[in-house]
Amino acid sequence: MEVQKTVLYNYHKILGAKFVSFAGYEMPIQYSDGIIKEHISTRTHAGFFDVSHMGQFYVSGENLEVALEKIIPADLKNLKVNQSKYSFLLNDSGGVIDDLIITRREKSFCIILNAACKDNDIKQISKYLGENHKFHLCTQTSLIAVQGPKSAEILEKHIKGVSDLKFMQGNTFEFDGEKIYVTRSGYTGEDGFEMSVLNTQVEKLIKNLLEDKVKPIGLGARDTLRLEAGLCLYGHELNEEINPIEANLKWAIAKKRREEGGFNGWEKIKNNIEKGTSKLRVGILPEGKIIAREGTKIFSSTDMEIGTITSGTFGPSVNVPVAMGYVNSNFSKIGTIIKLEVRGKKYEAKVAELPFYKKSYAK
Amino acid sequence: MSEKKFSKKHEWVSVEGDIATVGITKHATEMLGDIVFVEVPEAGKVIEQNNQAAVVESTKAASDVYTPISGEVTESNKLIVDDPSSVNSDPEGVSWFFKIKIKDSSELDGLMTKSDYDKFVAENPS
């Protein structure tokens, strides 16, 4: 398959990006400042992220909620126009095909899909759609996230009205004489926005942001930011073998849907809610400076193998190594002492509360 | 101390008597990014040339550091264990990794001079 590039590819180069192949795209892993500075600058000021590799999927038609609710366990019938929800595509056994953000627009739903999953996602979704449903993957717009405590103040200067949005709410605004759709959302644990901006205007938007010292942030810092915020990354914490209850994401399944069902894997999920799961996603704080990477084996204090790390790195804002992983549910209580096997040696760690880094969102 | 010599795996060596000081190059740190963890060998450990001797981890990944010279480790640098970021700031100075008692000084002949190493890096961009 040919390597794909976002509209901003050449501009990233000018900004000093180092590229990495990610989900079929050449994407910036970091810029000249490096991951830690990018991370800190997002937490203390604001940073922008080119997330145009993600799928911006639009679907419209009559009785769409009924069709989509079979594969997405969100309460779409009661989702108001311009409201967003974090949810999933589920397979028959309740496993996660992808995690997503769905927003009800005036005449359609917009679903933001992971880059690596989007082609398969569309196949899976279209199984539930009828002849009267229309769908397409939008390629006319780039997707840009601005994250950080100063993002509202800065964006308001260029896109009037955005600072009035509440968390997980969106609307159409105007930028440079054209329409731009903005939601107050993101995946860093910071206040922030995500914007569908016309490809012809994205560079101008970025130039405006750079003038306000909003730095470009690569995939490296995106990973440390989301991990500190305790957020799942598809392909690591989530896959088709894991259901949302095991992933400790029960909150992301609407209460009404949990009770009424009618979506893929509901029986299994209902059973897991009532009786518990054999494994659970937890936060893990290794002792000292040891970094437990994905695949690291987890042991109990008595050396019984109880799980595996799914993501692990150094958390620049908490200034210690952080990790997430799946453990046997008997060992999932916060404070439980566990051991991590790194390069053949076992190091002590403990099960810790998520997120590692707390920040309040605009409510 | 002698002029530094360099390996293709981006380590540097500086010799004083029969002791070689080993570290990683500025170029290596630039490839690695922000270093957040370092593991160094204990004194007394015997390591053969080109075998793994230490570990560096950046925010992105873990990498092995090899010894360009065979011998017995006499000392390792506690500074970089306590402050891994110092490897980024001064990799070819205070942030050396370990000192090793040279077993076979002819191994030094196979290493590159500074100008050869710079050329090697320029010809092998990563």
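Residues numbered from 1 in each chain as written. Chains lettered and ligands numbered in written order. Predicted model: local features only at pLDDT ≥ 70, side-chain atom pairs only at ≥ 80, totals over all residues.

Explain the pairing of strand E6 (residues 96-104) of chain A to me, and be specific about the residues and the numbers.
Residues and elements named next belong to chain A. The element E6 is largely enclosed, with a buried count of nine among its nine residues. Examined bridge by bridge, strand E5 (residues 84-90) and E6 share seven bridges and lie antiparallel to one another. Opposite Leu89, over in E6, you have Asp98 as the bridge partner. The hairpin turn running from E5 into E6, its antiparallel successor, is five residues long, and Gly94 in that turn takes a positive phi close to 85 degrees. (Buried ≥ 20, exposed ≤ 12 C-beta atoms within 10 Å, placed from the backbone. Helix = DSSP H or I, 4+ residues; strand = E, 2+ residues; numbered from the N terminus. Pairing = 2+ DSSP bridges.)

Would you mind going over the sheet that holds strand E8 (residues 134-137) of chain A in detail, with residue names and values included?
Residues and elements named next belong to chain A. In spatial order, the strands read E5-E6-E7-E4-E8; together these five strands make up an open sheet with antiparallel pairing. In this open sheet, the two strands that pair with only one neighbour each are E5 and E8. Taken pair by pair, the neighbouring strands of this sheet meet at an average axis angle of 25 degrees, ignoring direction. As judged from the four bridges shared by strand E4 (residues 55-60) and E8, these two strands associate in the antiparallel manner. Bridge assignment links Phe57 to a residue of E8, and that residue is Leu137. (Axes fitted to C-alpha atoms, helices over the stretch in contact; angles between N-to-C directions.)

Now, about the nonpolar core: what can you tell me, with residues and values included?
Counting 117 residues, the largest nonpolar core has Phe48, Ile144 and Val146 of chain A together with Phe97 of chain B as the members making the most contacts within it. Formed jointly, this core draws a minimum of three residues from each of two domains, domain 1 (9-49 + 139-228) and domain 2 (278-363) of chain A. In this view, Phe97 of chain B contacts Val22, Gly23, Ile24, Val40, Ala54, Val65, Ser76, Asn77 and Ile80 of chain B; residues no more than four positions away in its chain are not counted. (Core = buried A, V, L, I, M, F, W, Y, C linked by C-beta atoms within 7 Å. Domains from an automatic or database assignment. Contact = placed C-beta atoms within 7 Å.)

Summarise the environment of Trp12 of chain B; cite the residues concerned and give the values.
Residue and element names in this part refer to chain B. On the secondary structure map, Trp12 appears in strand E2 (residues 11-16). Separated by 71 residues in sequence, Trp12 and Asp83 have C-alpha atoms that sit 20 Å apart. Apart from residues no more than four positions distant in its own chain, Trp12 is found in contact with Lys4, Phe6, Gly23, Thr25 and Glu92.

Just give me the short version of the interface of chain B and chain A, but keep the residues and values in it.
With nine residues of chain B in contact, the opposing surface of chain A contributes 12 residues. Along the lines of polarity and charge, the residues of the side of chain B that touches chain A split into four nonpolar, two polar and three charged. (Nonpolar A, V, L, I, M, F, W, Y, C, P; charged D, E, K, R; others polar.)

So, the sheet that holds strand E4 (residues 35-39) of chain B: which residues are in play, and what are the values?
Residues and elements named next belong to chain B. Across the sheet, which stays open at both edges, the three strands sit in the order E4-E6-E7 with antiparallel pairing between neighbours. Whereas interior strands pair on both sides, the edge strands pair on one side only; in this sheet they are E4 and strand E7 (62-66). Between one strand axis and the next, the sheet turns through 25 degrees on average, direction left out of account. Here four bridges tie E4 to strand E6 (residues 52-58), and the two strands are oriented antiparallel to one another. Note on E6: the bridge partner recorded for Phe37 is Glu57.

Tell me about helix H6 (residues 202-211) of chain A, and name the residues and values.
All names here are of chain A. Listed in full, the buried residues belonging to H6 are Val202, Leu205, Ile206 and Leu209. For H6, the buried positions fall inside an angular range of 95 degrees around the axis, keeping them on one side. Away from its buried face by more than 90 degrees, H6 exposes Lys207 and Glu211. Of the surrounding elements, those touching the buried residues of H6 are helix H1 (9-14), strand E3 (47-50), strand E9 (141-147), helix H5 (151-158), strand E10 (170-175) and strand E12 (192-198). (Arc of directions from axis to C-beta.)

Lay out unusual backbone geometry with the relevant residues and their values.
Residues and elements named next belong to chain A. Backbone torsion omega between Leu354 and Pro355 reads -5 degrees, so that peptide bond is classified as cis. Along the chain, Pro355 falls in the segment after strand E19 (345-352). With a phi angle near 50 degrees, Ala23 is a residue other than glycine that sits in the positive phi range. In this structure, Ala23 sits in the loop between strand E1 (18-22) and strand E2 (25-30).

Describe the domain arrangement of chain A, listing the residues and the values that go with them.
Residues and elements named next belong to chain A. When cut into domains, chain A gives domain 1 (9-49 + 139-228) and domain 2 (278-363). The distance between the C-alpha centroids of domain 1 and domain 2 comes to 29 Å. Facing the 15 residues of domain 1 at the interface are 15 residues of domain 2. Its residues placed into classes, the side of domain 1 that touches domain 2 shows five nonpolar, three polar and seven charged.

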